Amino acid sequence: MSVRRLAEVQPPSFEFTGENRVWADKQIQKYPPGRQASAIIPLLWQAQKQNGYWLPKPAIEKVAEQLGMPLIRALEIATFYTMFNLEPVGKFYIQMCGTTPCMLQGSDEIKAVLERRIGPPHRVTADGLFSWTEVECLGACCNAPMVQINDDYYEDLTPNNFEKLLDDLAAGRPVKKGSQIGRVTSEPVDGLTSLTEFWGKDGRSGPGKLPKEEGAPDRAAAAGEKVSQDAQPGLNAPLHTQMSQSQEQRTGKPEGSVADTGTRTERPVSGEGKRADDAAQASAPPSKHTP
Ligand code: FES
């Protein structure tokens with residue numbers, strides 16, 4: 001980790017805006033009397049956002065004063081967590097993930113674009129628009145490689161689409177957040193490969209089939225065909241194959257057996273289930289058999 005020092009040039013003062021002041025008071029009220037210092041992380045974070053994504057010393061002092069805590073405690077927190085930028089950053093502050101999944105998917109090429117267009121890490125471009133840093137995993141590994149710009153993620157990057165993204169940001173054009181290759185969240189790039197069957201609205205009436213897309217291959221049918229060729233009847237067969245067998249095949253007990261309740265246990269029922277059974281028996285017509 002790099003040495004974390006406060007910026008040499010600092011603004012003379014810091015005040016929360018009226019709106020942020022109200023927001024900060026609400027955060028502080030979440031904690032019991034005497035524990036207001038627990039609100040320091042959200043308050044520092046809000047101060048950073050208000051100040052163009054970097055945290056000046058006057059803001060740290062203001063937050064410490066507001067929370068009634070020694071300045072050194074607030075400084076310890078601000079300088080420990082790398083989420084707090086202690087020096088000015090660009091209008092578009094880029095955090096590039098260089099951890100293993102992103103690296104294997106080409107983050108080095110994304111880094112090369114950043115170095116060529118912006119320069120070394122932590123340096124703000126002359127026009128004030130960009131600065132960048134390398135960070136550890138940001139939790140979007142399925143869509144690697146990726147960067148975070150201010151509050152948003154940009155994923156499935158290539159050198160080309162990343163260059164275009166930077167061009168659009170610089171020109172003030174609207175940009176697309178999330179995947180840059182059009183996939184929805186982290187769905188498989190080539191379409192579904194698993195969970196191609198579903199079990200009805202109530203979870204019991206399946207197996208059903210996903211609606212077939214116009215012109216798309218019926219992957220569910222293909223998967224079902226393969227399963228029926230491969231599966232051996234019995235307990236090792238896939239669940240939907242077992243369910244298509246008769247109750248007697250599945251349980252080894254005759255249809256209508258008392259134990260064939262649809263549950264996985266043959267122990268006497270108890271609790272809510274027992275009470276429901278008792279109520280059903282009490283409301284049933286009396287048996288014609290005499291004891
Ligand atoms: S490794 Fe890059 S987001 Fe997880």
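Residues numbered from 1 in each chain as written. Predicted model: local features only at pLDDT ≥ 70, side-chain atom pairs only at ≥ 80, totals over all residues. Heavy atoms only, no water.

Trainee: It is not clear to me how the environment of Arg183 should be interpreted in this structure. Could you clarify?
Mentor: On the secondary structure map, Arg183 appears in the loop between strand E5 (178-179) and strand E6 (197-198). On the basis of relative accessibility, which here comes to 13%, the residue Arg183 falls in the buried class. For Arg183, the residues in contact, after removing those within four places along its chain, are Cys142, Asn143, Asp156 and Val189. Within the structure, Arg183 has its side chain in polar contact with the side chain of Asn143 (distance 3.4 Å). (Helix = DSSP H or I, 4+ residues; strand = E, 2+ residues; numbered from the N terminus. Buried < 20%, exposed > 50% of the residue type's maximum accessible area, 1.4 Å probe, protein only. Contact = heavy atoms within 4.5 Å. Polar contact = N/O pair within 3.5 Å; in protein donor to acceptor, adjacent residues only side chain to side chain.)

Trainee: Hey, could you run me through the nonpolar core in this one?
Mentor: For soluble globular proteins, nonpolar side chains are generally found buried alongside one another. Counting 21 residues, the largest nonpolar core has Ile40, Leu43, Leu44, Leu55, Ile60, Val63 and Leu67 as the members making the most contacts within it. Only helix H1 (18-28), helix H2 (40-50), helix H3 (57-67) and helix H4 (71-80) provide two or more residues apiece to this core. In terms of residue count, H3 provides more of this core than any other element does, five residues in total. If near-sequence neighbours (up to four positions away) are discounted, Ile40 is found in contact with Val63, Leu67, Met69, Ala74 and Ile77. Formed by 18 residues, the second largest nonpolar core is a distinct cluster that contains Ile110, Leu114, Tyr154 and Leu157. (Core = buried A, V, L, I, M, F, W, Y, C linked by side-chain atoms within 4.5 Å.)

Trainee: Would you explain the packing of aromatic side chains in this entry?
Mentor: To describe a pair of aromatic rings, one takes the distance between the centres and the angle between the planes. As enumerated under the stated definition, the model contains four aromatic pairs in all. A ring pair is formed by Phe92 and Phe130, whose centres lie 5.5 Å apart and whose planes are at 35°; its orientation type is tilted. Here Phe130 lies in strand E2 (residues 130-135) and Phe92 lies in strand E1 (residues 92-97), a separation of 38 residues in the sequence. Note on Phe130: relative accessible area 7%, which makes it buried. (Phe/Tyr/Trp six-rings, centres within 6.5 Å; stacked < 30°, edge-to-face > 60°.)

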